[in-house]
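# Commentary on secondary and tertiary structure
Now for the letters of each chain:
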Amino acid sequence: MGDSVECRLFERTKLDPPDEIEEKWRACHNAVLKLIAGASEQEAHDILSAKVCRSVQEHEEVSVGLLNIILTNPGAARTRYSDLAFVTRDGLGLVVNCLEFIVMEKFRRMREMTKQQILWIVNEMVRNRFAGVERVCIALLKQIEGGNTMPGNVRLADSVLRVFRDNREWLESLPRIVCFAVYTYLRLIQDHSSPALTSLRNAEVDFCIACLRTQFMDCAAIGRDLVRLLQTIARIPEFAALWKDILQNPTSLSPHFSGVLQLLTVRTSRHYIASRLTSDMEAKLNFLAMQVKFGHQKRYQDWFQRDYLLTPESQSLISDFIRYICCIIHPSNEILSSDVVQRWAIIGWLLTKCQSNVAACNAKLALFYDWFFYNPEHESIMCIEPAILIMSYSVNTHPNITATLIDFLVRMIPAFGEGLEEYVSHGVNNAIRDILEKRVVGSIDQLISSPRLDSVLTGSFQRAVQRALDHFQNPEPFRDGDDDVVVIEDEEVGGGGGVDSGVFPSSIDDESERMEKPVKGVELGEVEIVEEEEDAEEKEKTGEDEAEIDLGEELRRLPDRWVRKIEALKRDSLDVRRKAVDELMESVVREIDVRSSQLNALAKCMAIRLKSDFDDACEIEGEMSDVGRSLPFSLFRCIRLSFPLFIIYIGFSSHADPARPSNVYRRVVAFLPRLFNHENRLGYTLLYYAKARAVATGDPVAAASVYAAFAAETKSPSASPASNLEACIIRDMERCQTVDTNLFYFLIPGVYQQFSDAVTGSSGLLYLIVSSIDSAQLHDLICQLSLSKFQLFGCARIAELLAKSLEWETFEQISVWQLLMAENSAPEEVVKILPLDSNSHPEPLSGLVLFLRNHSPSPELLEAVFRMPTSDGQFALTVLKQWAVRWPRELVTPVVDCLGRAVEEKRGDESSTGVIIQYINDLRQLLPGDNQCRMFFVYDYQHLLDYWALSLIVVCDPEMIDSLAMFDTSALHPSPSERTPPSTPKWLKSGERKRSQSLSDNELDIIPKPKLQRAARRFVDESDDDDDEDNAAT
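Residues numbered from 1 in each chain as written. Predicted model: local features only at pLDDT ≥ 70, side-chain atom pairs only at ≥ 80, totals over all residues. Heavy atoms only, no water.

### Some words on the overall build of the chain
- From N to C terminus, the chain includes 57 helices and 4 strands.
- The buried share among the 1034 residues of the chain stands at 56%.
- In the chain, the share of contacts with a sequence separation of at least 24, taken over all contacts with a separation of at least 6, comes to 75%.
- Accessible area of the chain: about 44,600 Å², with a carbon and sulfur share of 50%. (Helix = DSSP H or I, 4+ residues; strand = E, 2+ residues; numbered from the N terminus. Buried < 20%, exposed > 50% of the residue type's maximum accessible area, 1.4 Å probe, protein only. Contact = heavy atoms within 4.5 Å. Areas by Shrake-Rupley, 256 points an atom, 1.4 Å probe, with all protein chains shown as cover.)

Below, the structure written as structure tokens:
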């Protein structure tokens, strides 16, 4: 079958030891080949499917073996990919993990053919929309080296770009990978300036421009480094036009985009910065910064330069290295106080390697970029520490470096951008002030008064940082926010949708990562990678970040007593904030002269001030993160009902009584939709509150009324109450799934228990579930459904739901049928989806085979099975065989009834009767070798045969009558004591009953088949004579 080829993944010489991963994968490769040797494609499917069902280990062996064949044998790739997609039990989750690992860790050692095959399978998985494949795409983006124009690297950049361009709809549905792709290709554009790469560069420009113009707020999540990259390519005409819109017409890019300052105040996530270094670069740079002793670094620096900084094109990499060192390598206090080479020394060495003015300018910009909009309350001092240490330690030994850096910093304050001078100056002064407060350097007097520096330069620097110096001469409490600089809390960029409110996600390090606190070290091989404490950064979320924006207009609309309470929400004390929210809500409820404009202003202010509550109030703690561990009491301990946000809901629930509407009630229910307009995470926090209240009070109905009242206020004018509630739940659960998948799964049981009338049988919510859960969560849902804790399907809408699921992906459909079997839904409703084409819909037919084996046959189920065309007879025969083995006696009567109804309803058309008889005849041929199935004939064979013969006579089908001769009943005749007298089916009319008496039970039982055929023909002749007499009488 073309599978037996050399299965090497990596290049290695005879001196290199065997790779452990390659050896393991080769063993799986050989095991799969041995398993399917000589088998046809269908037989291979069946063999592999049977093997993966046995255990997790065998599933892994088959999956890895098929993957290895794909990566090492292009000729067999398509066939084995089909096998892999067919037999996977986890939606190719294991394959995604394997691909991500080898791309991240071993890409540089791969054979060229292996790289091409990885790109091929990734493209196929993207086209088939397999979950998680975006992680492999991000890993591939990381392996595209900046400053490298060698053919292999250019080919990789072009191939990954083609995957994105050919699957644009998929790409647009994943904003996180859009950000990584835009960040990568904006950086690569500056490397692809040679005429030989014009076509690739044009494609990269078109791709980036299209993403930025259609998904600007998604791309804005990159933060200030997006502006830095756009500055380096601003002379390209397409980007010049984009810059014009950013500066002069920002709302043309997005209604929520207010200008370039909005980008610059958001610090870029470390994940984007790290994505521009390959895994090998990261390991070597971390080793240099963490393991090499000061004074011994030269040979390691030469080694690093020889690998990455030899060519003119590689000059652009220097700024990537500097950004990585400043933003990601944050050593612990122990390393800072040791004799390990310091970060500032490595950056100083990199600055000396700049061979052009452009490279030097970009390198200095990368070094100082976090200075220009530095906020000491929310950013790490480790990001600005290297620059001040380079200037301080070089002032005596290398004054030219210090002078160059000071000159660049002073010139950039007025020249950074039109209208931004005050903001940049404010950021630089904040940086100097924090450096002096944290004692990074004792003072900056040596930079202001050193005789080795030009006096004009030092004077300019002193004037630029005079505000910071004045602070120490006249100390006063530090207050940030004298202007409208946006303050962003620590939050990592998520994978969800765009940002709705003009402020967008950022990644800011927590205060705990600053120099005065040590950070954790993790040993990875010989290199110690130090990771910062990432309490909030590792949580990938979307949504609007809290911003100290100008609320002056809103606050002026509110009474002074409300303004004081809103300002109290900025306090750290939880008790103070709870009391402020409680008093505000009491004012809303009790005061008579509250206007609509005041409610709008109050909602906006509270949405901003309670931003941290929306971030943290619904966080699932460690004991709740593992699937299936949620017990009611541990759940209640995890619920954070003490957050001020829930004070609003508690007050709302005490007044939300639709049965007794009043002015107070109308005012209360009008406030939540206004709050929702400014913070769209309110919906799923209400669902969380409803579940928490149900656990606390034991009354799920009363808890659900809060959300139901909220949904009623946001309804569509044309929607019914039930459909509107369903739509609101789907909207909020979708938002929750985007922000926090653990919380989304946590809410599923409560939603179906508390809102069963609205969501049971909802195809929209079910699709959201099966497209989001993993295999462990699927197992937990199956257990909960089997215990009847809630219902996903119900009965009323199950046929409609299953019909819609036919268009879903394979894993999603398989999950639906597993959940359906766990719930044990009504089989008569389930089979309404028949007939189906086995080529177009193999998933539901496979599910039906397993579903129907657990339900005894009935006339309704048999009629549905018999509706399947004989060309797809394998399905019907499989189901009939299962029933014949498990319920032999119960099967006979429904078959006879179906046969009778077919004869009665279609006397002139033998098609329906013929299909049934054909199925039964095919079933007969399957059964003789099976002792269990002989019972089907032993008990009621006489009964079935009598009325089968009669039906053949009625439809006058000689060919079918002749088929009776194929039966050999001598071995199947029951003894007289075993024989059960057949009952006459209801469908027989009186005349037909009389005619059937001409063939007695004994005759039918003992006469040879030729005689039975003659008796049947005699019956036909008698029927014709009776019809002639009736016609004559008429």
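More follows now that the structure is in view.
### Some details on the confidence of the model for the chain
- A residue-level look at the chain finds 72% of positions with pLDDT of 70 or above and a mean pLDDT of 75.
- The low-confidence segment residues 621–639 (pLDDT under 50) makes 30 contacts with residues lying over four places distant or belonging to another chain.
- Across residues 930–941, confidence stays below pLDDT 50; counting only partners more than four residues off in sequence or on other chains, it has 28 contacts. (pLDDT = per-residue confidence, 0-100.)

### Some points on the pattern of salt bridges
- Scanning all chains against the criterion turns up 38 salt bridges.
- Here E172 and R168 are joined by a salt bridge, their closest N and O atoms 3.4 Å apart. Of the two residues, E172 and R168 are both situated in helix α9 (residues 168–172); the distance of 4 residues between them amounts to about one turn of the helix.
- A relative accessible area of 37% places E172 in the partly exposed class.
- The partly exposed category is assigned to R168, whose relative accessible area is 23%. (Salt bridge = Lys/Arg side-chain N within 4 Å of Asp/Glu carboxyl O.)

### Some remarks on helix α25 (residues 421–437)
- The end-to-end C-alpha distance of α25, which contains 17 residues, comes to 24 Å, matching closely the 24 Å that a straight helix rising 1.5 Å per residue would cover.
- Within α25, 14 of the 17 residues are buried, which leaves it mostly tucked inside the rest of the structure.
- R439 sits one or two residues past α25 and shows a positive phi near 60°. (Expected span 1.5 Å × (residues − 1).)

### Here's the deal with the side chain of E22
- Along the chain, E22 turns up in helix α1 (residues 20–36).
- Residue class for E22 comes out buried when judged on its relative accessible area of 1%.

### Observations regarding the state of the cysteines
- Taken as a whole and assessed by the stated rule, the structure comprises 0 disulfides.
- No disulfide involves C211; its sulfur sits 5.8 Å from the nearest other cysteine sulfur, which is in C219.
- With relative accessibility at 0%, the residue C211 sits in the buried group. (Disulfide = S-S within 2.5 Å.)

### Quick word on the side chain of K691
- In this structure, K691 sits in helix α38 (residues 682–697).
- Within the buried core, K691 has no salt-bridge partner, and the shortest N-O distance to an opposite charge, that of D780, equals 9.0 Å.
- Within the structure, the side chain of K691 is placed 2.6 Å from the backbone oxygen of F746, a separation counted as a polar contact. (Lys, Arg positive; Asp, Glu negative; His and termini not counted. Polar contact = N/O pair within 3.5 Å; in protein donor to acceptor, adjacent residues only side chain to side chain.)

### Focus on unusual backbone geometry
- A cis amide bond links L834 to the next residue, P835, at an omega of 0°.
- In this structure, R439 takes a positive phi of about 60° despite not being glycine.
- In this fold, R439 is placed in the loop between α25 and α26 (445–449).
- The phi dihedral of S788 falls on the positive side, at around 60°, and the residue is not glycine.

### Some details on the nonpolar core
- Core analysis: the largest hydrophobic core is formed by 181 residues, its most contacted members being F164, Y185, F239, W371, F372, I388 and I444.
- The element best represented in this core is helix α10 (residues 175–189), accounting for 11 residues.
- In contact with I388, other than residues within four places in its own chain, are W371, I432, I435, V440, V441, I444 and L447.
- Core analysis: the second largest hydrophobic core is formed by 112 residues, L569, L610, V879 and C898 among them. (Core = buried A, V, L, I, M, F, W, Y, C linked by side-chain atoms within 4.5 Å.)

### Structural notes on the packing of helix α8 (residues 151–166) against α10
- Put simply, α8 and α10 touch, their axes get as near as 12 Å, and they point 145° apart. The two elements α8 and α10 meet at a crossing, and its hand is left-handed. On α10, the residues touching A157, V160, L161 and F164 of α8 are I177, A181, Y185 and L188.
- Taken together, the residues of the contact of α8 with α10 break down into 8 nonpolar, no polar and no charged. (Axes fitted to C-alpha atoms, helices over the stretch in contact; angles between N-to-C directions. Left-handed = near helix turned anticlockwise from the far one by under 90°. Nonpolar A, V, L, I, M, F, W, Y, C, P; charged D, E, K, R; others polar.)

### Observations concerning the packing of α8 against helix α11 (residues 198–214)
- With their axes 11 Å apart at the nearest point, α8 and α11 run at an angle of 35° to one another. Between α8 and α11 lies a crossing of left-handed hand. Contacts from V154, D158, L161, F164 and R165 of α8 reach α11 at L200, A203, E204 and F207.
- Its residues assigned to classes, the contact of α8 with α11 comprises 6 nonpolar, no polar and 3 charged.

### Overview of the environment of F130
- In this structure, F130 sits in the loop between α6 (112–127) and α7 (133–142).
- Residue F130 is classed as buried on the basis of its relative accessible area, which comes to 13%.
- Considered as a pair, F130 and G93 are 37 residues apart in the sequence and their alpha carbons are 8.5 Å apart.
- Here F130 is in contact with Y81, A85, G91, L92 and M125, once residues within four sequence places are set aside.

### A word on the packing of aromatic side chains
- Summed over all chains, the structure comprises 23 aromatic pairs.
- Consider the rings of Y185 and F207, whose centres lie 5.9 Å apart with planes at 75°: the pair is edge-to-face. Taken together, the residues Y185 in helix α10 and F207 in helix α11 connect sequence positions 22 residues apart.
- Ring-pair connections join several aromatic residues into one group, and the members of that group are F304, Y308, F321 and W349.
- The residue whose ring lies beneath K106 is F10, and the NZ or CZ to ring-centre distance is 5.9 Å.
- The ring of F10 has R109 lying over it, and the distance from NZ or CZ to the ring centre is 5.1 Å. (Phe/Tyr/Trp six-rings, centres within 6.5 Å; stacked < 30°, edge-to-face > 60°. Lys NZ or Arg CZ within 6 Å of the ring centre and 35° of its normal.)

### Quick notes on the environment of H330
- Position of H330 among the secondary structure elements: in the loop between α19 (317–327) and α20 (333–336).
- Relative accessible area serves as the criterion here: at 1%, H330 is assigned to the buried category.
- Separated by 50 residues in the primary sequence, H330 and S380 place their C-alpha atoms 9.6 Å from one another.
- A polar atom in the side chain of H330 sits 2.8 Å from the backbone oxygen of C326.
- At 3.4 Å, the side chain of H330 and the backbone oxygen of C327 are in polar contact.

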